[in-house]
Amino acid sequence: QARLVESGGGLVQSGGSLKLSCAVSGALFDIDCMGWYRQTPGHQRELVAKYDMDGRITYADPVKGRFTISRDRDRKQVYLQMNSLKTEDTADYFCYGVGLAPGNSGMDVWGKGTLVTVST
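Residues numbered from 1 in each chain as written. Predicted model: local features only at pLDDT ≥ 70, side-chain atom pairs only at ≥ 80, totals over all residues. Heavy atoms only, no water.

Enquirer: Run through the sheet that holds strand 8 (residues 77–82), naming residues and quoting values.
Expert: The four strands are arranged 1-3-8-7 in an open sheet whose pairing can be described as antiparallel. In this open sheet, the two edge strands, each paired with only one partner strand, are strand 1 (3–7) and strand 7 (67–71). Taking the axes of each pair of neighbouring strands and ignoring which way they run, one obtains an average angle of 15° across the sheet. (Pairing = 2+ DSSP bridges. Helix = DSSP H or I, 4+ residues; strand = E, 2+ residues; numbered from the N terminus. Axes fitted to C-alpha atoms, helices over the stretch in contact; angles between N-to-C directions.)

Enquirer: So what's going on with the state of the cysteines? Which residues, and what values?
Expert: Summed over the entire model, instances satisfying the criterion amount to one disulfide. Across the disulfide from C22 sits C95; the S-S distance is 2.1 Å. The chirality of the disulfide connecting C22 with C95 is left-handed, given an S-S dihedral of about -80°. Residue C22 is found in strand 3 (residues 18–25), and its partner C95 is found in strand 9 (residues 91–99); the two are separated by 73 residues along the sequence. Assessed through its relative accessible area of 1%, C22 is described here as buried. A relative accessible area of 0% places C95 in the buried class. Cysteine C33 is unpaired, with the sulfur of C22 as its nearest cysteine sulfur at 4.3 Å. (Disulfide = S-S within 2.5 Å. Buried < 20%, exposed > 50% of the residue type's maximum accessible area, 1.4 Å probe, protein only.)

Enquirer: Lay out the side chain of K76 in plain terms, naming residues and giving numbers.
Expert: Along the chain, the position of K76 falls in the loop between strand 7 and strand 8. Assessed through its relative accessible area of 13%, K76 is described here as buried. Sequence-distant contacts of K76, that is, excluding residues within four places in its chain, are made with C22, A23, V24, F29, I31, D32, C33 and L100. (Contact = heavy atoms within 4.5 Å.)

Enquirer: Can you break down unusual backbone geometry residue by residue, with the values?
Expert: Positive phi values are uncommon outside glycine, yet R75 reaches one of about 65°. Locating R75 in the fold gives a position in the loop between strand 7 and strand 8. Exposure remark for R75: the relative accessible area of 24% places this residue in the partly exposed category. Even without a glycine there, the phi angle at S84 is positive, about 50°. Structurally, S84 can be placed in the loop between strand 8 and strand 9.

Enquirer: Give me the lowdown on the pattern of salt bridges, citing residues and values where you can.
Expert: Across all of its chains, the model carries eight salt bridges by this definition. With a closest N to O distance of 3.2 Å, K76 and D32 form a salt bridge. In this pair, K76 sits in the loop between strand 7 and strand 8 while D32 sits in strand 4 (residues 31–39), placing the two residues 44 residues apart along the sequence. D32 matches K76 in its accessibility class, with the two residues each being buried. Between D61 and K64 there is a salt bridge whose closest N-O contact spans 3.0 Å. (Salt bridge = Lys/Arg side-chain N within 4 Å of Asp/Glu carboxyl O.)

Enquirer: Kindly report on the pairing of strand 9, identifying the contributing residues and their values.
Expert: A large share of strand 9 lies buried, amounting to eight of its nine residues. Taken together, the eight bridges between strand 4 and strand 9 define a ladder with antiparallel strand orientation. Counterpart to W36 in the pairing with strand 9 is C95. For strand 9 and strand 11 (residues 114–119), the ladder comprises three bridges, and the chain directions are antiparallel.

Next comes the structure, spelled out in structure tokens:
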């Protein structure tokens, strides 16, 4: 049972850029990286960008034209390039994936999150 590990969060000025990365970590590569969600305190986790099982990409309206999701061919790493960042983008960003092994097939898998703070 592998896990998802995010990296790349931090403090950035409004209008700046940041790139997040997520990788499957563990002895078994039993997770496919699928996308990114974000969450602020007291609010539900919301979609940022994701792949479906056919490889099609969905972006949330607030990030269209500014964020770009990409993924390694083997689906073991997924990235989020964030440009023209706004203060409203401040949130914990979570990588998510789907289990592949018989014990977790089809189950949602979440990373621990990485904090992105956009200052004025």
